[in-house]
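This is what each chain is made of:
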Amino acid sequence: MTVSDPQNTPQAALRRALGTLGPLDETTIEARTDAYFGRTRHIVEHFGDSRVTYAVFIRRPVIAACGLVSQWLKNVAEAQGFDLQCREMYAEGEWVGAGEPLLYLTGSFSRLAPLETLVLQRIGSTCVAAHNAYQMAMALPSIPFLAMDARHCAGFEMQEQMAYAAGVGSRAARKEGARGFIGNANDATAGFFGLDAGLGTMPHALIGYAGSTLRAAEMYDEVYPNDPLTVLVDYFGQEITDALAVCRRFPERAAKGHLSVRLDTHGGRFLEGLDPQTSYGVLERHTPGTIRRYRSDQELRDLVGTGVSAAAIWRMREALDHAGFHHVRIVASSGFNVAKCSTMRDAHAPIDVIGSGSFIPDRWSETYATADIVAYDGQPRVKLGREFLLQKVRDSHETSKDIS
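Just so you know, these numbers come straight off a predicted model, no measurement behind them.

## Digging into the pairing of strand S3 (residues 84-88)
Among the five residues of S3, four are classified as buried, and the element is accordingly described as predominantly covered. Both S3 and strand S5 (residues 101-108) contribute to a ladder of five bridges, which runs antiparallel. In the sheet register, Arg87 faces S5, and the bridge partner there is Tyr104.

Listed below in structure tokens is the structure:
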């Protein structure tokens, strides 16, 4: 649940994250940056330093999510004792066009050169992930999302960046009426969503340990009797059967809306009782216009294919309602990226919550940010083809947010 403690705001979480990571010492920075930046630093120190201005940009549209990198840079400057001006060109959560500069960094060339690699690592994927989270939230504005990205991340630093990005993208979508990501699946980054702890109840492993879906639900209820209960129902391939068994075992939870079933059926099979023909039939009963239009292969897969399709979700809702469990909620997971969310919107899929880590950038090459120096000691100079950045840097003095 959301907490009112000011120590659990997204802003407080950002401050804690930066305090935990620290600015990194100079030796570590030089070891992690590209070698030619380290050599550039030594050459500049030998021949005389220069005050330069860098422009940092990405070649695709994104949502501005620069707080992590800009505050990290500020920490580095303070730790190393040099002056840094970091001008954010867009407010956090604002849409940014392809190629538009996100940041202008002004300071000592010898100090900034070794930071370029690390800056680019911290900004590109974060802004793209924020854009994806925003698009997902806007595709299904009435549905809350749970960020389940941690298991797909390459270590904690990426995990922190992705959770931060989902929070930024969600707050941008919330300004336009969407619910967005209301929480995530682990404690360490819960603060980015204004929470004090991660959300979630059970993995498939607990069901395997218990020996049955129903027994796993009973075990959970015994240890956490006051918490809402979400039960995975795909372990044995009996989603409908097991969901109804759990509902009948916990009728009070079901009646109060404190029980949810989570569909996570993998793409190798259909939900219990479905096949291609019956899947078409389910959508014909509930949303015939959806299936009668032209669809791409991927859209058809999301609508009537294997795994957690729109037909599977509608079939589960049918079964629950037919048995009188109208208040039991459906949590859907498995591959809910921007495209799948859009297809589910078209199918009016009766989803109550979506669990997804699919806002993590799909094409990593799209996350590659670039930095170019555009001025040396106040004299405009940039490599051929990037002259547009010169005008941008002049404009930035009037329109930017200086965090130095």
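Let's pick the thread back up.
## With respect to unusual backbone geometry
Backbone geometry places His348, a non-glycine residue, at a positive phi of 50 degrees. Position of His348 relative to the elements: it lies in the loop between helix H16 (338-346) and strand S11 (353-356). Even without being glycine, Asp377 reaches a positive phi, approximately 50 degrees. Among the secondary structure elements, Asp377 is positioned in the loop between strand S12 (369-376) and strand S13 (379-380).

## As for the nonpolar core
Grouped together as the largest cluster of nonpolar side chains are 122 residues, with contacts concentrated most on Leu102 and Ile313. Looking at this core element by element, the count peaks at 12 residues for helix H6 (residues 116-139).

## Focus: the pairing of strand S9 (residues 259-263)
Taking burial as the measure, the five residues of S9 include five buried ones, the bulk of the element. Judged by which residues are buried, S9 turns out to be covered on both faces: Leu259, Val261 and Leu263 on one side and Ser260 and Arg262 on the other are all buried. The sheet contact formed by strand S8 (residues 229-232) and S9 spans four bridges and is parallel. Bridge pairing in S9 links Thr230 to Ser260. Sheet topology note: the S9/strand S10 (residues 329-333) ladder contains four bridges and is parallel. Residue pairing in the sheet places Arg262 in a bridge with Val331 of S10.

## Things to note about the side chain of Arg41
On the secondary structure map, Arg41 appears in helix H3 (residues 35-47). By relative accessible area, Arg41 is classed as buried at 10%. Residues contacting Arg41, with those up to four places away along its chain left out, are Glu26, Glu30, Ser110, Arg111 and Pro114.

## Section: the packing of aromatic side chains
Two descriptors summarise a pair of aromatic rings, namely the distance from one centre to the other and the angle between the planes of the rings. In the structure shown here, the tally under the stated rule is eight aromatic pairs. The interplanar angle of 75 degrees and the centroid separation of 6.1 Å between the aromatic rings of Phe57 and Phe388 together place this pair among those described as edge-to-face. With Phe57 in strand S1 (residues 51-58) and Phe388 in helix H17 (residues 388-399), this pair connects stretches of sequence that are 331 residues apart. With a relative accessible area of 3%, Phe57 lands in the buried category. Residue Phe388 is classed as partly exposed on the basis of its relative accessible area of 38%. The residue whose ring lies beneath Arg122 is Trp72, and the NZ or CZ to ring-centre distance is 4.2 Å. Sitting above the plane of the Phe336 ring, Lys340 keeps its charged end 4.5 Å from the centroid.

Rules used throughout
Residues numbered from 1 in each chain as written. Predicted model: local features only at pLDDT ≥ 70, side-chain atom pairs only at ≥ 80, totals over all residues. Heavy atoms only, no water. Buried < 20%, exposed > 50% of the residue type's maximum accessible area, 1.4 Å probe, protein only. Helix = DSSP H or I, 4+ residues; strand = E, 2+ residues; numbered from the N terminus. Pairing = 2+ DSSP bridges. Core = buried A, V, L, I, M, F, W, Y, C linked by side-chain atoms within 4.5 Å. Contact = heavy atoms within 4.5 Å. Phe/Tyr/Trp six-rings, centres within 6.5 Å; stacked < 30°, edge-to-face > 60°. Lys NZ or Arg CZ within 6 Å of the ring centre and 35° of its normal.

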